[in-house]
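# An overview of the molecular structure
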Amino acid sequence: MSSELEQPFINELHEEDDEARDWDLLIAFNELRHREKIQGSKKVAQTWRMKERMKTVSVALVLCLNVGVDPPDVVKTSPCARLECWIDPLSSQKALEAIGANLQKQYERWQPRARYKQSLDPTVDEVKKLCSSLRRNAKEERVLFHYNGHGVPKPTVNGEIWVFNKSYTQYIPLSVYDLQTWMGSPSIYVYDCSNAGIIIELFRQFSLQRESELESALNGSTPRFGSPAPAVSSVRNCIQLAACGASELLPMNPELPADLFTSCLTTPIRIALKWYVLQNTGRLVPNITLDLVDKVPGQLNDRRTMLGELNWIFTAITDTIAWNTLPRELFQKLFRQDLLVASLFRNFLLAERIMRSYNCTPMSSPRLPPTYQHPMWQAWDLALDICLRQLPTLLEDENAQFHHSPFFTEQLTAFQVWLSYGSEKRNPPEQLPIVLQVLLSQVHRLRALDLLGRFLDLGPWAVSLALSVGIFPYVLKLLQSSARELRPLLVFIWAKILSVDSSCQTDLVKDNGHKYFLSVLADPYMPAEHRTMAAFVLAMIVNDYKQGQDAALQGNVISNCLEQLSDPSASLRQWLALCLGKVWSNFDNARWCGVRDRAHEKLYVLLNDPSPEVRASAVFALGTFISVTDRSDQANNIDLGVGMMLASVGNDGSSLVRKEVVVALSSLVQQFESQFTNVVVQWMEEEKQKEKSAAVTGEVPGGWNLVSGTTAIQPSITNSIGGSFTSNDSFSGESSTVRRTHSSSTLAGTTFSSVYMTVWKVLVQLALGPHKEVADMAKQIVNTLKLKATLSARPTHVMQNSKACYSAPSSPSNTAPIHGTPPHNQFHEEHLTPGPTMKRDFSSPHLSGKANSYTSPHPRAKKLLSDKNSAMIHEEKEEEPRNLRQTSVTTEFFEWSCRHFAQPLMRLSEEQDPESSSHHKREFRFLRNNNVRQDAREEQLRAGFNRLDVEVFVNKNQGIPAVIKFHPYEGHVAVADKDGICFWDWEQGTKVNYIYNENLKNTKITAMDFINPHDESLLLCGTDDGSVRIWRNYLSEGYDGKELVSAFQAINDLIPTVRRAGLVLDWEQESGMLLASGDVRIIRIWDSQRETKVQDIPTGAESCVTSLASDSFGRSLLIAGCGDGTVRLFDRRLAPSECRVMTLREHNRWVVKVHLQKGSEGKIVSASNAGDVRFWDPRFTESVRTLNLTQGVTALEIHKHADVLACGSPNQFIGVYNTSGDNLSTIKYHEGFLGQRIGAASCLAFHPYKVKLAAGSTDSFISVYSTPVKRS
């Protein structure tokens, strides 16, 4: 072997280190759109929003004090508690009126707008009159009944409380049953008397009795029509608060007020301070007296003062205790439905704590769990300590400064600590209600919003928790703030809220909150990330909400979005397009506003965007742009122009985009249903004519079939179908990419009929496409139209349709002019290729004006749409055609896009987190890969002079092997037959799995490769109709095991030949590029990251491409072996017309293999089926060396790293050689004493690293051969 040929293999070992950097290798088809289903989140019913807000509008204050006379059944101590509403009843003759007035003031502190009525020492009739009038005026709102029974006997076991007769000589019982009747429902009762708990139980019994009586009455007699049903006071709608248990007396401590329970409910801070002093005298704050706490400076509603701050802290603590203790539904009912009820229950928690210390147990209905020992009370005691320590100084020195409590700062820190370890599995953070309270303070607001945003980012469960605690009114109010520093935080928080609960859109529009997000979106100084969130919020505001669309339109949302469509952020471009699509969805005012701004023309630019999500969003927006109601000439003109642009992306590489194309085109078909039906009638007639005229009659010298009755595709036809639309190789981000003239411009010489035919053919192409979901969607439309066309009694030629008098749709001004209207028979040519007519780049030479009789495209549609073919698009067997509006197809792309904002955005993804299990698994795989490469090096060095004929595996495959591939790092080999792929564990000798490729009938697999073999592998399969499918979980057994990651039409216009190469693929893992060719005149390069075509390279050959090789490291050199024996070299960096840099013509027959040795000195190796193997220096047109092996080579394979090659012969043997031409082994028989002769080799493959050879033969046997096993 010459030294110059030896060198690449030696150098290759040194370059192995570069290749081993698995961490730097691209992982293709691994985006969210590939790993998850395109569907929205499951809608979880939100319980935070109260079904109905309630208000306590009337309050009855019933005081039975009988000042100066003690009740007969209570023996009071001496001295005894005397104060009522902080007034001594014996202090004056009008003390009763003063007490009543004071009680009213105390209640007005919590509900100033209620209607208050006092009833002082009343009779039964007075109570009845009072309650009845309050209920009558309150209607469906809540009424409060406050009862002070300190001057009357205790309630009875029969459910009676006491009032007086008119002369105050007797105590008169008042039945709670009657009180229920007068008060009605909903109501709240406060009982401040001894033995009050007995009333709660009897109240429940009376309610049940009343419901039972009503039910019996309804069952016994049918009420007259229109008569109202009697009102029932349900216990479920009545709330009760009782001062003590059924057998308990009220405290009589003279240091306490007599109405201790009422004081706790209505003046909580005052009684809390007094009780604190009584409990803590001589401890932390020794100089504080009862008289001193009455002098605490400040106002309750001024948080800057000591009294106001204590009240603020008390509200936060009681809210926190309730939220952490009560069931969510009960918390919502008691603490969020009614302001007065919420205040009373917060104060009730204090009453329980204080009164339990005096052996009284306050009771309530609904019953609350005990809260008097909750740890948050210790935080309250600490806050009191810190404040009261300053009290003497503040009272003595007027200039002394009040130091605010660190309570809120410390609670925010505790919340921050929880966030460091927070997850759904842990208990919710108990500080969440405090965080909401802090939002009221400018001092802590920024930090609180930041922490709140981090909490909401944990997931939808966190958003639901925050909404249940009452976040909504706080953050809604903050939208009125003009502070710029709050903008990023508020936009993030609202994005999180709307991603979980879209019903908040109504509140935002009602409070003009949408204006806040419009201003954020229009702010050029805001980062793209936050403008994206603003666009998302606006999209949610207008989503299926007419008032939201109106409000956003008035806020110039369309022009704001259009101005930013060229932003570098793909996520922002995506949401701008989605927002536009939602704004004008079923809203003509917004649509015409978009027309005036040329919105559809500006969106055309995004159809070539590098991001599939952006392209899908642009298609979505253009689809909703199609008018639903307006059928004027201008509307038709615009709609059909949009339809032509949408048709131009029908062959997009991303199924995400193609699904949106189907949905968008279905809208167009619905609006022009009769015209499309006529087009389908014409198309079906042309089909029948084509079937009669097309027949293969011979072969021309170039190798293509000669099909009689057909001619080349003429330029005018190409242009009339879709040649006026071009696809840029890259996204420039400028509106100049696709320039449009004014909307009144027309496609020169193009009639509406060509638009309908174009769209129809794209739909047929999509219905025959490789992606099942896309195909099924398109089939619904195609089948319905075909059925309508079949049942059409009198087909009308679409060219003579009266609609054709409209002006044609507008056209990009930078495209080539189209001359003349296509004659009718020109569509006759195109029916053979229903999909490929919409290619987005027509730079290939075979689409030029050169007319060759052998350039007819592969009649894929004819073959697949014939009635005899089971893979046809089935027609519906219905007597009447379905309405297309009933056949509407939809996707969940918008909802799926919304899911992004519901998921954690601040946290590292599984892919990036070095502590995640997926990262550890990847690390293990990369270590394994490196070991495989290291272990194979010794084998590679010895391969050039070692035998390679030890059969380590043999088995019979399910079908005849067409392609065979080793997995580089795992012990299985993939064997493709016509319809599926079988996986064999060649090390263990077992069959692992078999999957069907789901390719159409009459097509077969011709190419296969592993994608991401260094990580989680995907399987790439190409079939001879030009389609590519990529599978995940291909080793998982069962029908549901495999998963289609992506599928697209890699090549169109496949040309039929006598000997077909089918689809030829070359996958570049390093760059993520997929090279595709075969029975066509071009080599198409696809970018797997963008999922779009990068360029078409014309081969210039008069025959098919049979083999491809590329320099994946330099990413410039591309080699194609052709059926005419030529080997063509291309520099993909050059323009298509200049990129063919060399043609090597020494082979005379079909090239079976081209190979590029790795390394800077690597040679090109090519072999033809004549058995000649030639080595080329890329700098010269003459071969450096030639090996003549065996005649009639059916398959040839060259090892990537070792000095060995193998060729299969139809004469049932496999020859193994080194690159010097030395025969290392000749394999003729299977191993064994009676080993049978091997079949003719149909395919060969070397292991990418190990020196192992896999061979498939025409007798369906597959074998794996190895070098002799090294004996230890």
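Here's a quick rundown of the structure. Residue numbers run consecutively from 1 along every chain, following the written order of its sequence. Totals for whole chains, interfaces and linings use all residues, but because this is a predicted model, local features are given only for residues with pLDDT of at least 70 and pairs of side-chain atoms are given and counted only at 80 or more. Remark: hydrogens and water are excluded; side-chain values derive from all non-hydrogen atoms of the structure.

Glancing now at the overall build of the protein. When its secondary structure is counted, the protein shows 38 helices and 38 strands. By residue count, 61% of the 1272 residues in the protein fall in the buried class. A separation of at least 24 residues holds for 69% of the contacts in the protein among residues at least 6 apart in sequence. In the form shown here, the protein has an accessible surface area of approximately 52,100 Å², with 49% of it arising from carbon and sulfur atoms. Only DSSP runs of H or I covering at least 4 residues are called helices, and only runs of E covering at least 2 are called strands; the numbering of each starts at the N terminus. Relative accessibility thresholds used throughout: buried, under 20% of the residue-type maximum; exposed, over 50%; partly exposed, between the two (1.4 Å probe, protein chains only). By definition, residues are in contact when any of their heavy atoms lie within 4.5 Å. For every accessible area listed, the method is Shrake-Rupley and the probe measures 1.4 Å; residues are considered covered only by the protein chains on display.

Here lysine 1252 shows up in strand E37 (residues 1252-1257). For the purposes of these results, a polar contact is taken to be a pair of N or O atoms within 3.5 Å, where, inside protein, one atom must be able to donate a hydrogen and its partner to accept one; residues adjacent in sequence count only when each atom of the pair is a side-chain atom. A distance of 3.4 Å separates polar atoms of two side chains, one belonging to lysine 1252 and the other to serine 1266. Setting aside residues up to four positions removed in sequence, lysine 1252 forms contacts with Glu939, Phe966, Trp986, Ala1245, Phe1246, His1247, Val1264, Tyr1265 and Ser1266.

Bringing the side chain of asparagine 30 into the picture now. Structurally, asparagine 30 is set in the loop between helix H1 (3-19) and helix H2 (32-35). Overall, the relative accessible area of 18% leaves asparagine 30 in the buried class.

Definitions used throughout: a 1 Å grid over protein atoms alone; a cavity as a set of points that fits a 1.4 Å probe which cannot get out; a pocket as an open set with protein on both sides within 12 Å along at least five of seven lines; a lining residue as one with an atom within 4 Å of a point. Grid points are joined across faces, edges and corners, and a volume is the space filled by probe spheres set on the points. As a volume, the second largest pocket reaches approximately 1,700 Å³. Lining of the second largest pocket is provided by 47 residues; of these, Arg53, Leu339, Arg346, Pro473 and Tyr474 occupy positions nearest its centre. Mapped onto the lining of the second largest pocket, the elements with two or more residues apiece are strand E1 (56-63), helix H10 (306-325), helix H11 (328-335), helix H12 (339-356), helix H17 (460-469), helix H18 (471-478) and helix H20 (505-510). Of all the elements, H10 adds the most residues to the lining of the second largest pocket, at six residues.

Counting buried positions along strand E33 (residues 1205-1209) gives five out of five residues, so the element sits mostly inside the fold. Residues of E33 alternate between two faces, with Leu1205, Cys1207 and Ser1209 on one and Ala1206 and Gly1208 on the opposite face, all of them buried. Strand pairing follows a simple DSSP-based rule, namely that at least 2 bridges must link the two strands. Relative to strand E34 (residues 1213-1217), E33 runs antiparallel, the two sharing five bridges. Residue pairing in the sheet places glycine 1208 in a bridge with isoleucine 1214 of E34. Where E33 folds back onto E34 in an antiparallel hairpin, the turn is made up of three residues, including glutamine 1212, whose phi is positive at roughly 60 degrees.

Before going further, it helps to examine the nonpolar core. To define a nonpolar core, start from buried Ala, Val, Leu, Ile, Met, Phe, Trp, Tyr and Cys residues and group those joined through side-chain atoms within 4.5 Å. Counting 262 residues, the largest nonpolar core has Phe455 and Trp494 as the members making the most contacts within it. Setting aside chain neighbours within four positions, we find tryptophan 494 in contact with Phe472, Val475, Leu476, Leu479, Cys504, Leu508, Phe517 and Val537. By size, the runner-up hydrophobic cluster in this structure holds 31 residues, among which are Ile1097, Phe1130, Trp1150 and Ala1167.

One turn of an α-helix holds 3.6 residues; hence residues three or four places apart share an orientation. To estimate the expected span of a helix, subtract one from its residue number and multiply by 1.5 Å. Its 21 residues place the ends of helix H13 (residues 376-396) 32 Å apart at the C-alpha level, agreeing with the 30 Å of an ideal helix rising 1.5 Å per residue. Largest kink in H13: about 30 degrees, centred on glutamine 390, with the proline proline 392 one to four residues after it. Note on bend: at a given residue it equals the angle between the axes fitted to the 7 residues ending there and to the 7 starting there.

Turning our attention to the packing of helix H28 (residues 612-625) against helix H29 (residues 633-647). Between the N-to-C directions of two axes lies an angle of 0 to 180 degrees, each axis being a line fitted to C-alpha atoms and, for a helix, fitted only over the stretch in contact. It is at 10 Å that the axes of H28 and H29 come closest, and there the two elements cross at 155 degrees. If you check the angle between H28 and H29, you find them roughly antiparallel. Considering how the two elements wind past one another, H28 and H29 form a crossing that is left-handed. Listed contacts from H29 to Val619, Leu622 and Phe625 of H28 are Ile638, Asp639, Val642 and Leu646. By residue class, the composition of the contact of H28 with H29 is six nonpolar, no polar and one charged. Orientation categories follow fixed angle ranges, with anything under 35 degrees roughly parallel, anything over 145 roughly antiparallel, 65 to 115 roughly perpendicular, and all other angles oblique. The sense of a crossing depends on the near helix, which, turned anticlockwise from the far helix by less than a right angle, makes the crossing left-handed and, turned clockwise, makes it right-handed. Only Asp, Glu, Lys and Arg are considered charged, only Ala, Val, Leu, Ile, Met, Phe, Trp, Tyr, Cys and Pro nonpolar, and every remaining residue, Gly among them, polar.

Hydrogen bonds between backbone atoms are what pair the strands of a sheet, whose relative direction is either parallel or antiparallel. Read from one edge to the other, the open sheet built from four strands follows the order E16-E17-E18-E19, with strand pairing classed as antiparallel. Edge positions in the sheet fall to strand E16 (1005-1011) and strand E19 (1043-1049), since each of these pairs with one other strand and no more. Strand-to-strand twist across the sheet, computed as the mean angle between neighbouring axes with direction ignored, equals 20 degrees. When strand E17 (residues 1018-1023) meets strand E18 (residues 1027-1032), the two strands line up antiparallel, connected through four bridges. What sits directly across from leucine 1020, in E18, is isoleucine 1030.

Read from one edge of the open sheet, four strands run E32-E33-E34-E35, paired in antiparallel fashion. The two strands at the open ends of the sheet, each matched to only one other strand, are strand E32 (1195-1198) and strand E35 (1223-1227). Going from strand to strand, the sheet's axes swing by 15 degrees on average, the running direction of each strand aside. Pairing of E32 with E33 involves four bridges; the strand directions are antiparallel. Opposite glutamate 1197, over in E33, you have alanine 1206 as the bridge partner.

Taking burial as the measure, the eight residues of H18 include six buried ones, the bulk of the element. Three or more residues of H18 are buried, namely Ile471, Phe472, Tyr474, Val475, Leu476 and Leu478. Looking at the buried side of H18, the elements it contacts are helix H15 (432-438), helix H16 (445-456), H17, helix H19 (487-500) and H20.

Attention shifts here to the pattern of salt bridges. Here, a salt bridge means any Lys or Arg side-chain nitrogen found within 4 Å of an Asp or Glu carboxyl oxygen. Tallied over the full model, the rule gives 49 salt bridges. Each member of the salt-bridge network shares a partner with another, and the members are Arg33, Glu613 and Glu1091.

We now examine the environment of glycine 1256. With respect to the secondary-structure elements, glycine 1256 resides in strand E37. The class of glycine 1256 is buried, set by a relative accessible area of 1%. Between the C-alpha atoms of glycine 1256 and glycine 1239, which are 17 residues apart in sequence, the distance is 8.4 Å. The residues contacting glycine 1256, other than those within four sequence positions of it, are Pro961, Ile964, Ala1240, Ala1241, Ser1242, Cys1243, Phe1261 and Ile1262.

Glancing now at the pairing of strand E28 (residues 1151-1156). With respect to burial, E28 is a largely interior element, six of its six residues being buried. As paired strands, E28 and strand E29 (residues 1164-1168) are joined by five bridges and run antiparallel to one another. Paired with valine 1154 across the bridge in E29 is serine 1166.

For the rest of this paragraph, the subject is the packing of aromatic side chains. The way to describe two aromatic rings as a pair is by their centre distance and the angle between their planes. What counts as a ring pair is set by centres within 6.5 Å for rings of Phe, Tyr and Trp (its six-membered ring), and what kind of pair is set by the plane angle: stacked under 30 degrees, edge-to-face over 60, tilted for all other angles. Tallying each qualifying case throughout the model produces 39 aromatic pairs. Pairing tryptophan 575 with phenylalanine 894 gives two aromatic rings, centres 5.7 Å apart and planes at 70 degrees, and the pair type is edge-to-face. Of this pair, tryptophan 575 sits in helix H25 (residues 570-583) while phenylalanine 894 sits in helix H37 (residues 893-902), and the two are 319 residues apart along the sequence. What makes tryptophan 575 buried here is its relative accessible area of 1%. The interplanar angle of 55 degrees and the centroid separation of 5.8 Å between the aromatic rings of phenylalanine 953 and tryptophan 984 together place this pair among those described as tilted. Remark: tryptophan 984 occurs in strand E14 (residues 980-985) and phenylalanine 953 occurs in strand E11 (residues 950-956); sequence separation between them is 31 residues. Taken together, the ring pairs connect Phe145, Tyr147, Tyr189, Tyr191 and Phe203 into an aromatic cluster. Cation placement over rings: the criterion is NZ of Lys or CZ of Arg within 6 Å of the ring centroid and within 35° of the ring normal. Its end group placed over the ring of tryptophan 110, arginine 109 keeps NZ or CZ at 4.6 Å from the ring centre. The ring of tryptophan 86 carries arginine 270 above its face, with NZ or CZ at 4.2 Å from the centroid.

Take unusual backbone geometry next. Following serine 78, the chain continues to proline 79 via a peptide bond in cis, the omega torsion being -5 degrees. When you line up the elements, proline 79 lands in the loop between E1 and helix H3 (95-108). Positive phi values are uncommon outside glycine, yet glutamine 1212 reaches one of about 60 degrees. Among the structural elements, glutamine 1212 can be located in the loop between E33 and E34.

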